[in-house]
Amino acid sequence: MLRSVARLGALKKPTALALGVTSSGALASTARCHCQVPCGIFDGPARVAALKEDAATIRKAMAQITDLVSTSAPASALSFNQAARWVMTKEQHAASIITAVSEYMLCQRVKKEVFNSEDEYVQAVVAHHALLQAAMKAKQVVDHVACDALDHAIEDVAKMYTK
């Protein structure tokens, strides 16, 4: 279905700067950051790997929340604190996915001119939107089904960013 849009990942090759390496060869502290300036530096596979890492963290957070809530009888201040921290972690990683997909992938990479047809373009937009919705749902619930949907949506979009 989205096979021919795999070109997204091959448009620009990553450079040392994109990988977070300074001119002196040291690792830069902003390796994961990116801008909206049309600089042409975009590492699709690295973005996908970051999405998968965020999704794995969301899954872990949900498991920890469930465990803390179900095993803490009676509830303690410590278990409440830990559950709250896991909720915040889950929120942060879902927000990271939403930011990467909306501000980087959709804004910078999903452009009509890189697709072979209008239909391919629409399929790409729909796949990215489904990923945004799955990340939003993961923020709203503590359910492994939401994690499964998120993983599936990431895999659908990942096809467009692999070489």
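## Let's talk about the overall build of the protein chain
Within the protein chain one finds four helices and zero strands. Reading the protein chain from its N terminus to its C terminus gives the helix and strand order α-α-α-α. Counting every position in the protein chain, which comprises 163 residues, the buried fraction comes to 34%. The long-range share in the protein chain, meaning contacts at least 24 apart out of those at least 6 apart in sequence, stands at 73%.

## Brief notes about the confidence of the model for the protein chain
A low pLDDT means the predicted coordinates there should not be read in detail. When pLDDT is averaged across the protein chain, the result is 81; 73% of the residues are at 70 or more. Predicted confidence for residues 9-33 stays below pLDDT 50, and this span has 31 contacts to residues more than four positions away or in other chains.

## Points about the pattern of salt bridges
Overall, the coordinates contain six salt bridges when judged by the stated rule. Here Lys159 and Asp156 are joined by a salt bridge, their closest N and O atoms 3.7 Å apart. Of the residues examined, Asp156 reaches a relative accessible area of 22% and is grouped as partly exposed. Connected via shared salt-bridge partners are Arg59, Asp148 and Asp151.

## Describing the side chain of Asp54
Mapping Asp54 onto the fold places it in helix 1 (residues 44-71). Among the polar contacts listed, one links the side chain of Asp54 to the side chain of His93, at a separation of 2.7 Å. For Asp54, the side chain forms a polar contact with the side chain of Ser96, separated by 3.0 Å.

## Examining the environment of Leu150
Along the chain, Leu150 falls in helix 4 (residues 144-158). Under the relative-accessibility criterion, Leu150 is labelled buried at 0%.

## Some points on the side chain of Gln123
When you line up the elements, Gln123 lands in helix 3 (residues 118-140). Among the residues examined, Gln123 registers a relative accessible area of 18% and is labelled buried. In terms of polar contacts, Gln123 uses its side chain to reach the side chain of Asp119, at 2.7 Å.

## Some words on the packing of aromatic side chains
What the rule picks out here adds up to one aromatic pair. For the ring pair Phe115 and Tyr121, a centre distance of 5.8 Å and an interplane angle of 65 degrees mean the geometry is edge-to-face.

## Some words on the packing of helix 2 (residues 77-109) against helix 3
Two measures define how a pair of helices packs: the angle their axes make with one another and the distance between the axes. Two numbers describe how helix 2 lies on helix 3: the axes approach to 8 Å, and their chain directions differ by 165 degrees. It follows that helix 2 is roughly antiparallel to helix 3 by the angle criterion. The way helix 2 lies across helix 3 gives a crossing that is left-handed. The segment helix 2 lies against helix 3, with Lys90, Glu91, Ala94, Ala95, Ile97, Ile98, Val101, Ser102, Met105 and Leu106 engaging His128, Leu131, Leu132, Ala135, Met136, Ala138, Lys139 and Gln140. Residues belonging to the contact of helix 2 with helix 3 are distributed by class as follows: 12 nonpolar, three polar and three charged.

So, how was this worked out
Residues numbered from 1 in each chain as written. Predicted model: local features only at pLDDT ≥ 70, side-chain atom pairs only at ≥ 80, totals over all residues. Heavy atoms only, no water. Helix = DSSP H or I, 4+ residues; strand = E, 2+ residues; numbered from the N terminus. Buried < 20%, exposed > 50% of the residue type's maximum accessible area, 1.4 Å probe, protein only. Contact = heavy atoms within 4.5 Å. pLDDT = per-residue confidence, 0-100. Salt bridge = Lys/Arg side-chain N within 4 Å of Asp/Glu carboxyl O. Polar contact = N/O pair within 3.5 Å; in protein donor to acceptor, adjacent residues only side chain to side chain. Phe/Tyr/Trp six-rings, centres within 6.5 Å; stacked < 30°, edge-to-face > 60°. Axes fitted to C-alpha atoms, helices over the stretch in contact; angles between N-to-C directions. Parallel < 35°, antiparallel > 145°, perpendicular 65-115°, else oblique. Left-handed = near helix turned anticlockwise from the far one by under 90°. Nonpolar A, V, L, I, M, F, W, Y, C, P; charged D, E, K, R; others polar.

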